[in-house]
Amino acid sequence: MSARYPDLPEARHWNSWRSEFPAQMMHLPLGLTVTVAAYSGARNSFTDFPAMQGRITYGPRDVGAARISFSAEHGGTAFDWQWDRPTRRGLRGAWQATANGEWGLRFWIMPVFEVGGRDDILWRFDEKTGVLATEIDGTHVAVIGHAVPLMATFHADRPSLAEEFETRGYFYLASRGTEGRVPALRYNLDETPQMSFAIGLGDNAAAALAEAKAALAAPTPPTLPVRQSGLGEGSLDAIRDIVGWNSVHDFINDWPYMTLSRTWVAQKFGGFGLWLDDIFYHALGTALFDAGMARENIRAVLSTETPEGNLACLITGNDAWIDRSQLPICSLVLWKIWRHTGDDSLIEIGYRRLLKNHDWWCSHRSGAPKDSPVTGLMGWGTSAGIGSGLYKGTKLGAKNESTMDNSPLHDDTIFDPATGCLDAVDVALNSALVVDAEVLSAWATALGEQETADRLKARAGKLRARIGKDLWDDQRCIFANRRWSGEFVRALAPTSFYPLLADAADPDQRKSLCAALNHPLKFGGRWRLPSVTRDDPAFHDNVYWRGRAWPPLNYLTYQGLKRAGLDNEAGALAQDSGALFATAWARRQCPENFNADTGLGDDQPDTDLFYGWGLLMPLLAVNEIIDVTPWHGWEITHQPGDWKLGPLNAFGRSAEIVAQEGRLTLTLDGASVFATDIPGRFRQIEVAAGGIAFEPPIAGGNVYLAGKVLRVTYGDADIVPITSGQETVVKLPAVTTRQLCVIEVQS
């Protein structure tokens, strides 16, 4: 633990904390940074690899920064870099040149050391041994490498180092020395094309040097273990890398969180940025690996709560959009995080804030006049008199609230200054509010607040009925946004499928939605889902929400399809989403959005290429194996073939799922829970000390357990288990409808 950061485990002290410098490692409690820097003599160009330059290709990395790898390029010279922590208080850096853009003698590569801009910290360099050392508030630091650097130079700061190179050139030696504030250890790629060095911390100088030597001599770390192979191969691994690379420290609010994108924070957002829905999605991805890091994201994003009750759309170092919120999916996402991590404190942290936010929507965004056919349904807006955020009180501000800022859904709507709302009610918003009310109602019941639970349940039922009746366009056979006048909005987006998430579509409506989902001129085609139908003129704009495919649209549509029991359609969408993501991930890109014609993410300048919510695309491949929802509970699907998923957090424990030779096995915390040869989706899985329960597929087959089985009930029938060697076999008959199976075991 650290005096400054008492809740931060020692294993997380070192990380790539500064969002604007992805190659840099920082010991957060000490304020010590080690920055990768390079100088090209041929180009007379210095770089410390800021995120905005795009000279870093993000490689595989551990979420907690135990191992980080990336590739870098400068002036035509390229190298691979790796950070790892081979000892408790040691950090090791290593590089390997992979391409020479010039004579390696004239290309400097340097680790540069700084301590939080402090003037009182002096470093000392021993030219004979190559050891660099200092002391920071009682902690000693030592640096040693496999090769002695050609020299150490000392500077006032990194900008001074950059200026020296670019004004004095390669051969300037006057800054060479043995003591100073900001040392740069200089190596060239002719003599050291491959190199390792280590930093050790200790309570005294000898201990720090011993730690550095031990870290330097440690075996080369093994490659990171594969978390998903076979089916959906690499998807969970991709989520791990995305979470790891975008998890940084907000030095304005002084807390860790997962940023939107490293390239946005410093220049665009003034040091930090909290889009509401984005950070909840980030927390969901993080929860698969680290419950504490997920909680950090939730704490950060819930800090955007306003006195009026809404959670702010956006808070940055430059601006605060507190007059508007975002699509209310936060309760659903938090519910999933809670079930993955088993962290009950999340309910305490989130429930009351989310309840207040839910009620805010119903009191602030039902602007339709009393004589309108859509009175009582909600639309997007911006509240007057609240804050001074950019675009407040404008149509653009109201569109911001939808997250789909420039969507053609808004083209024909009119902003009503009297209510602060667009003159249309929105399918996505009302569907999300149904789910929001359902989840909050369940939590209220669990907390003994039955009056609140009943109120929310009634609201969900009323909204669900209104969506099914008043937002269904009989002419086009699809759900659509509707103007206060009663006219349906012309443009259609994948949000037309969100009533499936709210369980608001009847069987005939579901059939029509499936037709639109697969129609090549609507939402079908190779790369899905386009953010507007392919036959809409705006589709060809290919700018943001005008035609491009977006991870949140795919994710929420997928969740809706599964709730509606449309598993084949959900599986096809998951497969298409995985293929779309794979086109970019092959180049280590995680795009904010994609071209729905070509599948490219980097075809236009508005798309960020390593954006946090891009993890929702590979998450669908994970969810095709395991997912948890308020309506189906824990689900595990026995898919064909041999494959492996995990470890990941599930059931509040560490889970692995393996399918091999027709048999699926679920393991929690290293112990087998059950195995089965039944193909298909198991639902409502509950695991307790006294046994397990689930709704198996109707096909019938065998369930295998390692312990002694006391009793088995399947629906209304008792089943006699069979002992076979070291395991017990439960033979489930084929049935016509899903039934609950309860297996009691000896605890």
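Report on the accompanying structure. Model, not experiment: these values are computed from the prediction.

A few points about the overall build of the protein
Counting its secondary structure elements, the protein contains 16 helices and 42 strands. Referenced to the eigenvectors of the C-alpha coordinate spread, the extents of the protein come out at roughly 80 × 75 × 45 Å. Across the 747 residues in the protein, those meeting the buried criterion constitute 62%. Long-range pairs, those at least 24 residues apart, make up 63% of the contacts in the protein between residues at least 6 apart in sequence. When the accessible surface of the protein is totalled, it reaches about 27,400 Å², and 51% of it is carbon and sulfur. Here the protein carries 70 positive and 88 negative side-chain charges, and the mean point of each set is 1 Å from the other.

So, helix α8 (residues 345-364)
Given a rise of 1.5 Å per residue, 20 residues ought to cover 28 Å, and the 29 Å separating the end C-alpha atoms of α8 matches this to within 8%. At Y351, α8 shows its largest bend, some 35°. Looking only at α8, the buried set comprises L346, I347, G350, Y351, L354, L355, N357, H358, W360, W361 and C362. Packed against the buried residues of α8 are α5 (276-287), α6 (291-302), α7 (330-341), α9 (395-401), α10 (427-446) and α11 (450-470).

Quick look at the environment of D454
Secondary-structure assignment places D454 in helix α11. Residue class for D454 comes out partly exposed when judged on its relative accessible area of 43%. For the pair formed by D454 and V265, sequence separation is 189 residues and the distance between their alpha carbons is 42 Å.

Things to note about the layout of surface pockets
Counted as a void, the largest pocket has a volume near 430 Å³. Lining the largest pocket are 22 residues; nearest its centre among them are W264, K268, W275, W321 and D405. Put simply, the parts of the chain that give the lining of the largest pocket at least two residues each are α4 (262-269), β21 (314-316) and α9. Here the lining of the largest pocket gets 3 residues from one element, more than from any other, and that element is α4. Here the lining of the largest pocket is composed, by residue class, of 13 nonpolar, 4 polar and 5 charged.

Quick look at the sheet that holds strand β41 (residues 727-732)
With respect to topology, 8 strands assemble into an open sheet ordered β17-β31-β32-β33-β34-β37-β41-β40, the strand pairing being antiparallel. Edge positions in the sheet fall to β17 (228-229) and β40 (722-724), since each has one partner strand and no second. Where strand β31 (residues 643-650) meets strand β32 (residues 653-660), 6 bridges bridge the pair, whose relative direction is antiparallel. The residue of β32 that forms the bridge with L645 is I657. In the packing of helix α3 (residues 235-246) onto the sheet, the strands contacted are β17 and β31, and the crossing angle to β31 comes to about 40°.

Examining empty space enclosed by the protein
Enumeration according to the criterion identifies 3 cavities of 30 Å³ or more in this entry. Its volume calculated, the largest cavity comes out at about 140 Å³. Forming the walls of the largest cavity are 17 residues, and the residues nearest its centre are L327, S402, T403, M404 and Y498. For the lining of the largest cavity, the secondary-structure elements that each account for two or more residues are α5 and α14 (551-563).

Quick notes on the sheet that holds β21
The strand order β20-β21-β22 describes an open sheet built from 3 strands, whose pairing is antiparallel. Sheet topology places β20 (273-275) and β22 (320-321) at the edges, where each strand pairs with a single neighbour. Sheet analysis places β20 next to β21, joined by 3 bridges and oriented antiparallel. Across the sheet, the residue bridging to L274 is I315, located in β21.

Here we look at the side chain of T33
Relative to the assigned elements, T33 resides in strand β3 (residues 32-40). The buried category is assigned to T33, whose relative accessible area is 5%. For T33, the residues in contact, after removing those within four places along its chain, are R18, Q24, M25, M26, V112, F113 and E114.

A word on the environment of W613
Secondary-structure assignment places W613 in the loop between α15 (567-585) and α16 (616-623). What makes W613 buried here is its relative accessible area of 5%. Filtering out sequence-adjacent residues up to four positions away, W613 remains in contact with D278, Y281, H282, W545, W550, P551, P552 and E592.

With respect to unusual backbone geometry
With omega at 0°, the peptide bond leading from R528 into L529 counts as cis. Relative to the helices and strands, L529 resides in the loop between α13 (507-518) and α14. Cis geometry is adopted by the peptide bond preceding P647, which originates at G646 and carries an omega value of 5°. Its location among the elements puts P647 in strand β31. Non-glycine residue T403 carries a positive phi angle of around 70°. Judged by its relative accessible area of 14%, T403 is buried. Phi angles above zero are rare outside glycine, and D503 is one such case at about 55°.

What to know about the packing of aromatic side chains
By the definition in use, this model includes 39 aromatic pairs. Plain terms: the ring middles of W585 and F610 are 6.1 Å apart, the flat faces sit at 35° to each other, and that makes the pair tilted. Placement of W585 in helix α15 and of F610 in the loop between α15 and α16 is noted, with a sequence separation of 25 residues between them. Under the relative-accessibility criterion, W585 is labelled buried at 14%. It is R18 that lies over the ring of F251; its NZ or CZ is 4.4 Å from the centre. Its guanidinium or amino end placed over the ring of W108, R186 lies 5.7 Å from that ring's centre, counting from NZ or CZ.

Parameters and conventions
Residues numbered from 1 in each chain as written. Predicted model: local features only at pLDDT ≥ 70, side-chain atom pairs only at ≥ 80, totals over all residues. Heavy atoms only, no water. Helix = DSSP H or I, 4+ residues; strand = E, 2+ residues; numbered from the N terminus. Buried < 20%, exposed > 50% of the residue type's maximum accessible area, 1.4 Å probe, protein only. Contact = heavy atoms within 4.5 Å. Areas by Shrake-Rupley, 256 points an atom, 1.4 Å probe, with all protein chains shown as cover. Lys, Arg positive; Asp, Glu negative; His and termini not counted. Charge placed at Lys NZ, Arg CZ, Asp CG, Glu CD. Expected span 1.5 Å × (residues − 1). Bend = angle between axes of the 7 residues up to and from the residue. 1 Å grid on protein atoms, 1.4 Å probe; cavity = no way out; pocket = protein on both sides within 12 Å on 5 of 7 lines; lining within 4 Å. Points joined across faces, edges and corners; volume = space filled by probe spheres on them. Nonpolar A, V, L, I, M, F, W, Y, C, P; charged D, E, K, R; others polar. Pairing = 2+ DSSP bridges. Axes fitted to C-alpha atoms, helices over the stretch in contact; angles between N-to-C directions. Phe/Tyr/Trp six-rings, centres within 6.5 Å; stacked < 30°, edge-to-face > 60°. Lys NZ or Arg CZ within 6 Å of the ring centre and 35° of its normal.

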